[in-house]
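Spelled out, the chains give:
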Amino acid sequence: MSYPGTTSTAITDREINHALIARRAASEGIVLLENNGILPLEEGAKVALYGGGASFTVKGGTGSGMVNNRTNISITEGMKKAGFTLTTEDWLVAYENAYHATWEAWKNRIYELSGKPGDRMGLYRAHASNPMKMPLGDPITKTDTDTAIYVISRISGEGADRKAVKGDYYLSDDEMDQLKTITTLYPNTIVVLNVGGIIDLSFLETYSISALVLLSQAGMEGGNALADVLSGKVVPSGKLTDSWAYHYEDYPSSRNFSHNNGNIIEEFYTDGIFVGYKYFDSFGILPRYPIGYGRSYSRFDVTAGDLACCDDQVRLKVKVVNRGPFAAKQSVQLFAYLPGGDKAYPLREKELRRMVAFAKTDLLQVGGEQVLELAFPADLLSSYWTARSQVYMDAGLYALELESCDAAGRLVKTPAGLLRVSAFTVLDTLQSICPLVDSLKEIRPDPALIDSLRQSAITAQSALSPLLLDETLEKTILRIRKTHEEDHARALPFAKEVEEILSKMTPRQKSETVCGQPGALSGEIIGSAAITVPGAAGETTHTLAGLGVSHLILADGPAGLRLQKHYQVNPED
């Protein structure tokens, strides 16, 4: 049997090219949250760089969020490669030495707590319950520059949700003291968030921050990508994919989630459909930074154009013009305000609005323009009626609205059109296989508030937007309903085949199909447990080949790929 892989450590052209792609993707995902004009920095500028994440930049998540790669470019390395002069070399070297000493002591403690040598799960449990505390570093003193960068880092991953404690969701006392010192010594302070999840940003009200940059966890080229953005080589075009609240308590599940209510055995998801921006919009809670937020060094005009409905899709033309002063890209989001529906059925209430499409322009030179087409399936306007297991569309007006963020951080909303559905329509009827067992009381917005906000949006649209012909959308809805019916008909023979195969499977085969089969050497189902692709996390069972079912490789993780750098096929050969 042949196995994929290589024993060569040479860097290939493919690896070089992929690193360039990773760098570009990382730079385009960086979000500029605040900027008083300090960014972009001048070429070769002197910068005082501080923070544990400067030299030990977090590239990605832990557990399934981790990917093995050859190198990880830190912020320190990226800034040096970009030609910046770091005035805090001594501080950074001293911090690196302190970090390595702390890491060695922590590692030895983890081995001591984990039990027998080689106990991978014991190591994992010890690691999760005893995270390493980053060292503080030497005292901070003024250096030969007026500009400082402070990097705030957090490890994120499975089993590591942000806790409302100092050093986690909140800044630690040490971090607050360092930030106070830096902002006192340096007229210009840039804070870089090297975090995989939302943290508290109330320090913005306490200290004078010139710029706030969300690097997030940007992968192996994160340091280079950040330097590209800070230098202006790449103008930031990233937008937030989530809403950042002012306070931890602003999130609806903050009181009851996980350990917060003392119950880690049962979890009741009372948010229902009101998650993220759908909650903030529908409940009238103002976030610090809403979804889609992200500044640029340049300015743009965004104009809604023709609206049409064809091929079961709603299509909107959007013209974007770059008004300068930098060549840049811009992103736009399209939201739909949905009608409230029949008040006789309160369980059919919907969020105030939902994002239905988004797009980013190419690189536009100053004065350049591009017409984007934002398209989305018409049934994305539908909702789900839990009590009847039905996908439906309410009668009424559906208002479309463009949203973009300008250089000053203002969200610009542009009316984009109206769609009308003349009658309540059921698009599909499904079968619930997991009915609710325990009673669940979900949160609900104030009906008067959400009706008022919805009506305001529709009124604004009615005054400024054309109305799409009713007949066009009605025909589309009927076609979608027919498509669902045809899909159900086609699925019937397949469902019968599945039932037949299931009847022939043993309990062990079923469990291995769901969980994966144990690795030949480790005896575990997670880790380097795969045989077909050694080094992959795992794979399902091979024993169903006689039933016509092939096995699946489980690479593990949101990145879709996590292979060990080294593995053994058969150590006895």
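Predicted model only: the values in this text are computed from it and were never measured.

Visitor: Would you mind going over the sheet that holds strand 15 (residues 411-421) with me for this structure?
Guide: Sheet strands associate in pairs through backbone hydrogen bonding, adopting either a parallel or an antiparallel arrangement. Ordered in space as 10-9-14-15, the four strands form an open sheet in which the pairing is antiparallel. In this open sheet, the two strands that pair with only one neighbour each are strand 10 (353-360) and strand 15. Averaged over all neighbouring strand pairs, the angle between strand axes comes to 20°, with direction disregarded.

Visitor: Explanation requested: unusual backbone geometry in the structure shown.
Guide: As a rule of thumb, non-glycine residues mostly have phi less than zero, and peptide bonds are mostly trans rather than cis. Backbone torsion omega between Leu-39 and Pro-40 reads 0°, so that peptide bond is classified as cis. You can see Pro-40 is positioned in the loop between strand 1 (31-35) and strand 2 (46-50). Here the residue pair Gly-324 and Pro-325 is connected by a cis peptide bond, since its omega of 15° sits within 30 degrees of zero. A positive phi angle, near 55°, is found at Asp-311, a position not held by glycine. Looking at where Asp-311 falls in the secondary structure, it is placed in the loop between strand 7 (299-310) and strand 8 (313-324). One non-glycine residue, Ser-389, lies in the positive phi region at around 55°. According to the relative accessible area criterion, Ser-389 is buried, its value standing at 10%.

Visitor: Would you mind going over the nonpolar core with me for this structure?
Guide: A general tendency of soluble globular proteins is for nonpolar side chains to be buried together. Judged by nonpolar contacts, the single largest core of 107 residues is most densely connected at Leu-39, Leu-193, Phe-203, Trp-244 and Leu-334. In terms of residue count, helix 4 (residues 89-114) provides more of this core than any other element does, six residues in total. Here Leu-193 is in contact with Leu-33, Ile-152, Ile-199, Leu-201, Leu-212, Val-213, Leu-214, Leu-215, Ser-216 and Trp-244, once residues within four sequence places are set aside. Formed by eight residues, the second largest nonpolar core is a distinct cluster that contains Leu-352, Ala-399, Ile-450 and Ile-458.

Visitor: Sorry if this is basic, but what is going on with the packing of aromatic side chains here?
Guide: Between two aromatic rings, the relevant description is the distance of the centres plus the angle of the planes. For the coordinates displayed, the defined rule picks out 17 aromatic pairs. An angle of 50° between the planes, with centres 6.3 Å apart, marks the rings of Phe-56 and Tyr-95 as tilted. Of this pair, Phe-56 sits in the loop between helix 2 (52-55) and helix 3 (75-81) while Tyr-95 sits in helix 4, placing them 39 residues apart in sequence. Here Phe-56 and Tyr-95 have matching classes, each one buried. Considering the side-chain rings of Tyr-289 and Tyr-293, the 4.9 Å spacing of their centres and the 45° angle between planes classify their relative orientation as tilted. Side by side, Tyr-289 and Tyr-293 carry an identical accessibility label, which is buried. Grouped by ring-pair contacts, the aromatic residues Tyr-50, Phe-56, Trp-91, Tyr-95, Tyr-99 and Tyr-186 constitute a single cluster. Directly above the aromatic system of Phe-335 lies the positively charged group of Arg-353, at a separation of 3.7 Å from the ring centroid.

Visitor: Before we go on, may I ask you to explain a nonpolar patch on the surface in this structure?
Guide: On the surface, Ile-11, Ile-16 and Leu-20 cluster together into a nonpolar patch covering about 290 Å² of accessible area. Along the chain, Ile-11 turns up in the segment before helix 1 (13-29). With relative accessibility at 52%, the residue Ile-11 sits in the exposed group.

Visitor: For this particular structure, what's the right way to read the environment of Leu-430?
Guide: By the element assignment, Leu-430 lies in the loop between strand 16 (425-429) and helix 9 (447-464). Its relative accessible area of 37% is what places Leu-430 among the partly exposed residues. For the pair formed by Leu-430 and Val-391, sequence separation is 39 residues and the distance between their alpha carbons is 8.0 Å. What Leu-430 contacts, discounting residues up to four positions off in sequence, is Tyr-384, Ser-389, Val-391 and His-488.

Visitor: Which parts of the structure should I look at to understand the sheet that holds strand 4 (residues 147-153)?
Guide: Here six strands make up an open sheet; going across it, the order is 1-6-5-4-2-3 and the pairing mixed. The sheet is open, and its two edges are formed by strand 1 and strand 3 (85-86), each paired on a single side. Examined bridge by bridge, strand 2 and strand 3 share two bridges and lie parallel to one another. If you follow Val-47 over to strand 3, its bridge partner there is Leu-86.

Visitor: Which parts of the structure should I look at to understand the environment of Pro-40?
Guide: A relative accessible area of 23% means that Pro-40 is categorised as partly exposed. Each C-alpha atom of the pair Pro-40 and Ala-227 lies 10.0 Å from the other, and the pair is 187 residues apart in sequence. When neighbours within four sequence positions are excluded, Pro-40 is seen to be in contact with Leu-230, Ser-231, Gly-232, Tyr-297 and Phe-326.

Visitor: When you look at the pairing of strand 5 (residues 188-194) in this model, what are you seeing that I'm missing?
Guide: If a strand is regular, its side chains alternate between the two faces of the sheet. Of all seven residues that make up strand 5, six are buried, and the element is covered over most of its length. Where strand 4 and strand 5 come together, seven bridges link them in parallel fashion. If you follow Ile-152 over to strand 5, its bridge partner there is Leu-193. The sheet contact formed by strand 5 and strand 6 (residues 211-214) spans four bridges and is parallel.

Visitor: Mind showing me how you'd approach helix 6 (residues 173-185) here?
Guide: Because each turn of an α-helix spans 3.6 residues, side chains separated by three or four positions end up pointing in the same direction. In a regular helix each residue adds 1.5 Å, so 13 residues correspond to 18 Å; helix 6 covers 18 Å between its end C-alpha atoms and thus fits that length. Restricting attention to buried positions, one finds in helix 6 the residues Glu-175, Gln-178, Leu-179, Ile-182 and Thr-183. Buried residues of helix 6, seen end-on, are gathered within an arc of 125° and therefore sit on one face of the element. Buried residues belonging to helix 6 abut strand 2, helix 4, strand 4 and strand 5.

Reading the values: the criteria
Residues numbered from 1 in each chain as written. Predicted model: local features only at pLDDT ≥ 70, side-chain atom pairs only at ≥ 80, totals over all residues. Heavy atoms only, no water. Pairing = 2+ DSSP bridges. Helix = DSSP H or I, 4+ residues; strand = E, 2+ residues; numbered from the N terminus. Axes fitted to C-alpha atoms, helices over the stretch in contact; angles between N-to-C directions. Buried < 20%, exposed > 50% of the residue type's maximum accessible area, 1.4 Å probe, protein only. Core = buried A, V, L, I, M, F, W, Y, C linked by side-chain atoms within 4.5 Å. Contact = heavy atoms within 4.5 Å. Phe/Tyr/Trp six-rings, centres within 6.5 Å; stacked < 30°, edge-to-face > 60°. Lys NZ or Arg CZ within 6 Å of the ring centre and 35° of its normal. Patch = residues over 30% accessible without salt bridge, like charges linked within 9 Å, V, L, I, M, F, W, Y side chains within 5 Å. Areas by Shrake-Rupley, 256 points an atom, 1.4 Å probe, with all protein chains shown as cover. Salt bridge = Lys/Arg side-chain N within 4 Å of Asp/Glu carboxyl O. Expected span 1.5 Å × (residues − 1). Arc of directions from axis to C-beta.

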